[in-house]
Amino acid sequence: MTLADSGPRSVGPARGRPRSEAVEIAILEGVMKLLEDGVPLAELSIERIARTAGVGKATIYRRWNGKDELFVDVMRAAEPPDPELPGTSMRDDLVVLLESLRQRGLMNRSSAILHNVYAQMKSSPRIWKAYHTNVVNPRRELGRQVLTRGQRNGELRADIDIDLANDMFTGPMLLRAILRPDAELPEGLAEQIVDEVLAGLRPVSTRAGTAVGTPVGTPVGTPETPAEP
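All residue numbers refer to position in the chain's written sequence, counted from 1. Whole-chain, interface and lining totals are the exception, using all residues; otherwise, since this is a predicted model, local features are given only for residues with pLDDT of at least 70 and side-chain atom pairs are given and counted only at 80 or more. Here the side-chain values reflect all heavy atoms present in the structure, with hydrogen atoms and water set aside.

1. Re the packing of helix H8 (residues 162–179) against helix H9 (residues 189–201)
- Orientation of H8 relative to H9, taken along the N-to-C sense of each, is 150 degrees, at an axis distance of 10 Å. Relative to H9, H8 is oriented so that their crossing is right-handed. Within the contact between the two elements, H8 uses Ala165, Met168, Phe169, Pro172, Met173 and Arg176 and H9 uses Leu189, Ala190, Ile193, Val194, Val197, Leu198 and Leu201.
- The nonpolar class holds Ala, Val, Leu, Ile, Met, Phe, Trp, Tyr, Cys and Pro. Asp, Glu, Lys and Arg form the charged class, and all remaining residues, Gly among them, are polar. A breakdown of the residues in the contact of H8 with H9 according to their chemical character gives 12 nonpolar, no polar and 1 charged. Every angle, taken between N-to-C directions, lies between 0 and 180 degrees, and every axis is a line fitted to C-alpha atoms, over only the stretch in contact when it is a helix. Segments assigned H or I by DSSP are reported as helices when at least four residues long, segments assigned E as strands when at least two residues long, and all are numbered from the N terminus. Put simply, a crossing is left-handed when the front helix is turned counterclockwise from the back one by less than a right angle, and right-handed when it is turned clockwise. A contact between two residues is defined here by any heavy atoms of the two lying within 4.5 Å.

This is the structure:
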């Protein structure tokens, strides 16, 4: 696998200094090559990475504080790029976000190296925490922003907990992509999940006699019965 296979992307942490994208890609691909050769994360050293990438150790340290930061950027660069949201509606944005999760699931299944590295990262609490802080949490925050905007626009019920709703949308896709490796990830799955979850979270029609946010089980009002003559 090479990072060029995924197309142009921004790699490496921003440091406010002159950047050489070619050098950074060479370093990241050097790490990937070592991992593909079967070198465990625990045995990778900055010196070995520098030698493989054809750069000096100082070149690496000018861009990353250490291996933890470097490994997180390797994984971020090896994954599909984060999607650009259309912004046309909450539904459309949610579909794009879930489709990105589906693509990541397909890539993890087809790439033995990515699957292996994810497993190794979990055995390193510092790297796993850094990955969640710098990659997973920003993605979750993007979903929260989409849902919050949809709630303000009336596309989502006002009484819905945003964090819970976020889990309700992403949960089914993550379950299939990670916990059920035998489960299918067909095209159209993102749309199906979004539409089925939204069916229960959209504002309730006032024509049904139920106000938005009315707790489940609250009796719906009926027309008054005319008095007996």
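That covers the picture; the talk isn't over yet.
2. A look at the side chain of Arg102
- Here Arg102 lies in helix H5 (residues 90–110).
- Definition of a polar contact: a pair of N or O atoms within 3.5 Å, with one able to donate and the other able to accept a hydrogen when the atoms are protein atoms, and with sequence-neighbouring residues admitted only if both atoms are side-chain atoms. Side-chain polar atoms of Arg102 contact the side chain of Glu99, separated by 2.9 Å.
- A distance of 2.7 Å separates the side chain of Arg102 from the backbone oxygen of Leu185, its partner in a polar contact.
- With sequence-adjacent residues up to four places away left out, Arg102 is seen in contact with Met173, Leu185, Pro186, Glu187 and Leu189.

3. Considerations on the pattern of salt bridges
- By definition, a salt bridge exists where a carboxyl oxygen of Asp or Glu is found within 4 Å of a side-chain nitrogen of Lys or Arg. In this structure the tally under the stated criterion is 16 salt bridges.
- For Asp37, the salt bridge is made with Lys33, and the minimal N-O distance between the two is 3.1 Å.
- Under the scheme applied here, a residue whose accessible area is under 20% of the maximum for its type counts as buried, over 50% as exposed, and between as partly exposed, the area being computed with a 1.4 Å probe on protein chains only. Owing to a relative accessible area of 44%, Lys33 belongs among the partly exposed residues under this scheme.
- Between Arg157 and Asp159 there is a salt bridge whose closest N-O contact spans 3.0 Å.
- The network of salt bridges with shared partners includes Glu79, Asp82, Arg104 and Arg139.

4. Focus on the layout of surface pockets
- Two kinds of site are reported from a 1 Å grid over the protein atoms alone, namely cavities, where a 1.4 Å probe fits but cannot get out, and pockets, open sets with protein on both sides within 12 Å along at least five of seven lines, and residues are called lining when an atom falls within 4 Å of a point. Grid points are joined across faces, edges and corners, and a volume is the space filled by probe spheres set on the points. What the largest pocket holds in volume is close to 890 Å³.
- Around the largest pocket sit 32 residues that line it, and Leu101, Tyr131, Arg139, Leu174 and Ile178 are the ones nearest its centre.
- Of all the secondary-structure elements, those providing two or more residues to the lining of the largest pocket are H5, helix H6 (112–122), helix H7 (125–152) and H8.
- A class-by-class count of the residues in the lining of the largest pocket yields 17 nonpolar, 8 polar and 7 charged.
- Quantified by volume, the second largest pocket comes out at close to 160 Å³.
- Lining the second largest pocket, in full, are Leu41, Ala42, Lys67, Asp68, Phe71, Gln120, Ser123, Ser124, Arg126 and Ile127.
- When contributions to the lining of the second largest pocket are tallied by element, the ones reaching two or more residues are helix H4 (67–78) and H7.
- Considering each element in turn, the lining of the second largest pocket owes the most residues, 3 residues, to H4.
- Looking at side-chain class alone, the lining of the second largest pocket contains 4 nonpolar, 3 polar and 3 charged residues.

5. A look at empty space enclosed by the protein
- If you walk through the whole model with that rule in mind, you get 1 cavity of 30 Å³ or more.
- If you add up the space inside the largest cavity, you get close to 30 Å³.
- Lining the largest cavity, in full, are Val31, Leu35, Leu41, Phe71, Val74, Met75, Val117 and Met121.
- Sorting the residues of the lining of the largest cavity by element identifies helix H1 (21–36), H4 and H6 as the ones contributing at least two each.
- No other element matches H4, which puts 3 residues into the lining of the largest cavity.
- A per-class count over the lining of the largest cavity returns 8 nonpolar, no polar and no charged.

6. Concerning the packing of aromatic side chains
- Here a pair means two rings of Phe, Tyr or Trp (six-membered ring of Trp) with centres within 6.5 Å. Their orientation is stacked below 30 degrees between planes, edge-to-face above 60, and tilted elsewhere. Counted under the stated rule, the structure contains 2 aromatic pairs.
- Seen from their ring centres, Tyr118 and Tyr131 are 5.8 Å apart, and the 75 degrees between their planes marks the pair as edge-to-face. A residue pair is termed long-range when its members are at least 10 positions apart, and Tyr118 in helix H6 and Tyr131 in helix H7 qualify at 13 residues. Take Tyr118 and Tyr131: they sit in the same class, and that class is buried.
- Ring centres of Trp128 and Tyr131 lie 5.9 Å apart, and the angle between their planes is 20 degrees; on these two criteria the pair is classed as stacked. On the criterion of helical spacing, the pair formed by Trp128 and Tyr131 is a turn pair, its members being 3 residues apart in helix H7.
- One aromatic cluster is present, built from ring pairs that chain together Tyr118, Trp128 and Tyr131.

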